[in-house]
Structures are given as structure tokens and as C-alpha cells.
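# Chain and residue survey
The primary structure of each chain is shown beneath.
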Amino acid sequence: MDNADYLDVALRLANADLTDLPALRAALHDEPWWADRTTEADLLALRSVADGLRHALDAATDRDADAVLARVNALLSAHPPRPRLSGHTGTWHVHVADVNAPPATEVAAAAAWGLAQAIVRHGVDRWGRCPCGNHFLDASTNRAKRFCSTRCANRANVAAFRARRTRA
């Protein structure tokens with residue numbers, strides 16, 4: 001994984017509805033080596049991590065640099081990355097925790113590290129919150145992203161179209 005992947009983990013975890021184990025596994029769908037091993041203990045541990053991520057992302061959306069600094073540093077302090085070089089899949093890559101650590105340990109460290117690296121790269125001016133409630137990074141050239149996904153944008157555009165037709 002690289003830093004962009006770790007940010008993706010952070011956003012998916014922050015935007016996930018962690019009501020039960022299947023919801024956590026769905027949020028980690030791109031990382032089956034985590035998702036397949038998650039337990040109720042991981043779910044409980046990652047709920048507080050997700051809350052911390054949401055608070056940090058809310059601060060970024062509000063352009064509150066001091067709060068972003070404090071909240072991201074709190075996440076890094078609570079879930080420090082402990083990089084480990086690995087070649088177990090036949091390709092070299094870095095894990096942010098021991099490969100035998102519980103999934104929650106590595107997911108939390110990956111999410112904290114990914115958010116920190118994204119703040120370093122993009123600052124606090126490119127974060128947004130979709131009308132659906134999800135957080136996102138606006139990496140567009142013109143900084144015009146308003147939705148977390150094409151699906152949400154389409155939903156809003158269809159609703160606006162239908163509202164215009166009703167008024168006409």
C-alpha cells in the first residue's frame with residue numbers, strides 16, 4: 001500500500017456505519033487480509049478510531065488548522081505506525097504494523113498515517129463533506145468537487161431535475 005491507499009482506508013473507515021462486523025468488513029473490502037480476520041474486538045476498537053477520524057475531517061472541512069493538527073496528532077499518538085518491510089506476497093511493500101497484529105492495530109495506524117500524509121500534501125483547503133454526510137478529499141484541478149462520489153452527484157442532479165419538473 002502507499003499513502004494514497006492509506007488515505008482511502010481512513011476515509012472509508014470514517015464514512016462507514018460500524019454497527020456490526022459485516023459493516024466493518026464491507027468498509028475494508030479492498031483489504032481482504034484485514035477484512036477476513038476482523039473480530040468483534042476489532043469492531044469495538046475501530047469505532048473510536050472512526051470517531052477520531054471524523055472529528056479530524058470535520059476540522060479540516062471547517063478549515064480549522066489548529067484543530068486538525070491536534071486531532072491528527074492525537075490519532076498518530078494513539079495509533080502510531082510501526083513500519084515493517086514485507087515480501088510475503090512475492091512483492092516488496094511496507095506494513096504499518098506487525099503483520100501478526102490484530103487487524104484493528106494495522107487499520108488504525110494506516111488510517112492515522114494516511115490522513116496525516118494527506119494533510120501534509122493537500123493542507124486543509126481541499127476537504128469536503130457530501131450532502132449524504134460522507135467526507136472526501138477534493139483533488140480536482142479546479143477545487144469544485146461537491147460530492148463524495150458520482151452516485152451522490154447523480155442522485156442530487158436527478159432530485160433537482162425532478163423538482164424543476166414538478167414546479168413547471
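Our subject is the structure that appears above.
Now for a look at the structure at hand. (Residues numbered from 1 in each chain as written. Predicted model: local features only at pLDDT ≥ 70, side-chain atom pairs only at ≥ 80, totals over all residues. Heavy atoms only, no water.)

## Considerations on the pattern of salt bridges
Applying the stated criterion to the full structure yields four salt bridges. D8 serves as the salt-bridge partner of R12, at 2.9 Å between the closest nitrogen and oxygen. Remark: D8 and R12 occur in helix α1 (residues 3–15); sequence separation between them is four residues, near one turn of the helix. On the basis of relative accessible area, D8 is assigned to the partly exposed category, the value being 33%. One salt bridge connects D58 with R129, and the closest N-O pair in it is separated by 3.0 Å. Residue D58 is found in helix α4 (residues 40–61), and its partner R129 is found in strand β3 (residues 127–129); the two are separated by 71 residues along the sequence. Among the residues examined, R129 registers a relative accessible area of 42% and is labelled partly exposed. Taken together, the salt bridges that share partners define one network made up of D8, R12 and E31. (Salt bridge = Lys/Arg side-chain N within 4 Å of Asp/Glu carboxyl O. Helix = DSSP H or I, 4+ residues; strand = E, 2+ residues; numbered from the N terminus. Buried < 20%, exposed > 50% of the residue type's maximum accessible area, 1.4 Å probe, protein only.)

## Some points on the side chain of H135
Checked against the element boundaries, H135 lands in strand β4 (residues 135–137). Once residues lying within four places of it in the same chain are set aside, the contact partners of H135 are L11, N15, R54, L57, D58, T61, G128 and R129. (Contact = heavy atoms within 4.5 Å.)

## With respect to unusual backbone geometry
The residue R63 is not glycine, and still its phi comes out positive at about 60°. If you trace the backbone, R63 turns up in the loop between α4 and α5 (65–78). Owing to a relative accessible area of 38%, R63 belongs among the partly exposed residues under this scheme. Residue R143 is not a glycine yet carries a positive backbone phi of 55°. You can see R143 is positioned in the loop between β4 and α7 (150–167). You can call R143 partly exposed: its relative accessible area is 49%.

## Some words on the packing of α4 against α5
Put simply, α4 and α5 touch, their axes get as near as 8 Å, and they point 160° apart. By the angle between their directions, the pair α4 and α5 is classed as roughly antiparallel. For the element pair α4 and α5, the recorded crossing hand is left-handed. Residues V49, G52, L53, H55, A56, A59 and A60 of α4 form the contact with α5, whose participating residues are A67, V68, R71, V72 and L75. (Axes fitted to C-alpha atoms, helices over the stretch in contact; angles between N-to-C directions. Parallel < 35°, antiparallel > 145°, perpendicular 65-115°, else oblique. Left-handed = near helix turned anticlockwise from the far one by under 90°.)

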